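Working through the structure, step by step
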Amino acid sequence: MASRRPPLSKLVFKRYDKDESGFIDAGELGQMIYDMGHKLTEAELVAATQQLDKNGDGKISYEEFASWWARGDERFSSLELSESAQKQISAAIDFFKVRSVMSSFMYQEDRETDNRQTTDRQTKAS
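A short tour of the structure in this document, coming up. Along each chain, the written sequence defines residue order, and numbers are assigned to residues from 1. Under the rules for a predicted model, residues below a pLDDT of 70 receive no local features and side-chain atom pairs below 80 are neither given nor counted, while totals for whole chains, interfaces and linings still include all residues. Based on all heavy atoms of the structure, the side-chain values leave hydrogens and waters out of the count.

Helix numbering and strand numbering both begin at the N terminus, where a helix is a DSSP run of H or I of at least 4 residues and a strand a DSSP run of E of at least 2. Scanning the protein from N- to C-terminus turns up six helices and two strands. Overall, the protein shows an N-to-C arrangement of helices and strands of α-β-α-α-β-α-α-α. Between buried and exposed lies partly exposed: a residue is buried under 20% and exposed over 50% of the maximum accessible area for its type, with that area taken using a 1.4 Å probe on protein chains only. Buried residues in the protein amount to 25% of all 126 residues. Counting only contacts in the protein whose residues sit at least 6 apart along the sequence, the fraction spanning at least 24 positions is 55%. Only the protein chains shown count as cover for residues, and the accessible areas themselves come from Shrake-Rupley with a 1.4 Å probe. Carbon and sulfur atoms provide 52% of the accessible area of the protein, an area that totals close to 9,200 Å². Only heavy atoms enter the contact rule, under which two residues are in contact if any of them lie within 4.5 Å.

This is how it looks when you write it as structure tokens:
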């Protein structure tokens, strides 16, 4: 008796679950969509990941993926954003990138200040 082949959605999911975690992350989703001939902007990829991640845990389970995959021809068009939505999400992404850089800079400044204060204390104690 021949064994049943898994559904195409399962084969695609396994192919792009590169770390074999049982989930697809944003990077893996972006690669899959690109390999299938669709290019998403960074904002669209963020939105697509959120759209597929129904339970909001930051990763896409097979069940979440299969639900999206079942849309057939609509699956990719459902990921495209209007120009205004792209601008809003891009602005949010840029904000968090700047915030991350500023936070890193502030951390470095705090460390340098701590090091100067430690050196000053050591000099005074000598």
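Structure's up, so let's keep going.
Planes of paired rings set the category: under 30 degrees apart is stacked, over 60 is edge-to-face and the rest tilted, where pairs are Phe, Tyr or Trp rings (Trp by its six-membered ring) whose centres lie within 6.5 Å. Under the definition given, this model contains five aromatic pairs. Ring geometry for Phe13 versus Tyr62: centroids 5.5 Å apart, planes at 80°, classification edge-to-face. A residue pair is termed long-range when its members are at least 10 positions apart, and Phe13 in helix α1 (residues 8-16) and Tyr62 in helix α4 (residues 62-69) qualify at 49 residues. You'll find Phe13 and Tyr62 in the same group, each marked buried. For Arg75, the ring lying beneath its charged end belongs to Trp69, and the centroid distance is 3.8 Å. For a Lys NZ or an Arg CZ to count as sitting over a ring, it must be within 6 Å of the ring centre and within 35 degrees of the ring normal.

Here we take up α1. Among all positions of α1, only Ser9, Val12, Phe13 and Tyr16 are buried. Across the axial projection of α1, the buried residues extend over an arc of 100°, all falling on one side. Facing away from the buried side of α1 by over 90 degrees, the exposed positions are Lys14 and Arg15. By arc we mean the arc of the directions from the helix axis to the C-beta atoms, nothing more.

Right, let's talk about the environment of Lys18 for a bit. The topology assignment puts Lys18 in the loop between α1 and β1 (23-24). A relative accessible area of 57% means that Lys18 is categorised as exposed. For the pair formed by Lys18 and Glu28, sequence separation is ten residues and the distance between their alpha carbons is 7.1 Å.

With that settled, consider helix α2 (residues 26-35). What α2 keeps buried is the set Glu28, Leu29, Gly30, Met32 and Ile33. Elements in contact with the buried residues of α2: α1, β1, α3 (42-52), β2 (60-61), α4 and α5 (74-77). In this structure Asp25 caps α2, since a side-chain oxygen of it lies 3.0 Å from the backbone nitrogen of Gly27. Where α2 ends, the next residue or the one after it, Gly37, has phi of about 90°, a positive value. Whenever two N or O atoms come within 3.5 Å, that pair is a polar contact, provided that in protein one can donate a hydrogen and the other can accept it, and provided that, for residues adjacent in sequence, both atoms are side-chain atoms.

Distances and angles like these do not, on their own, reveal function.
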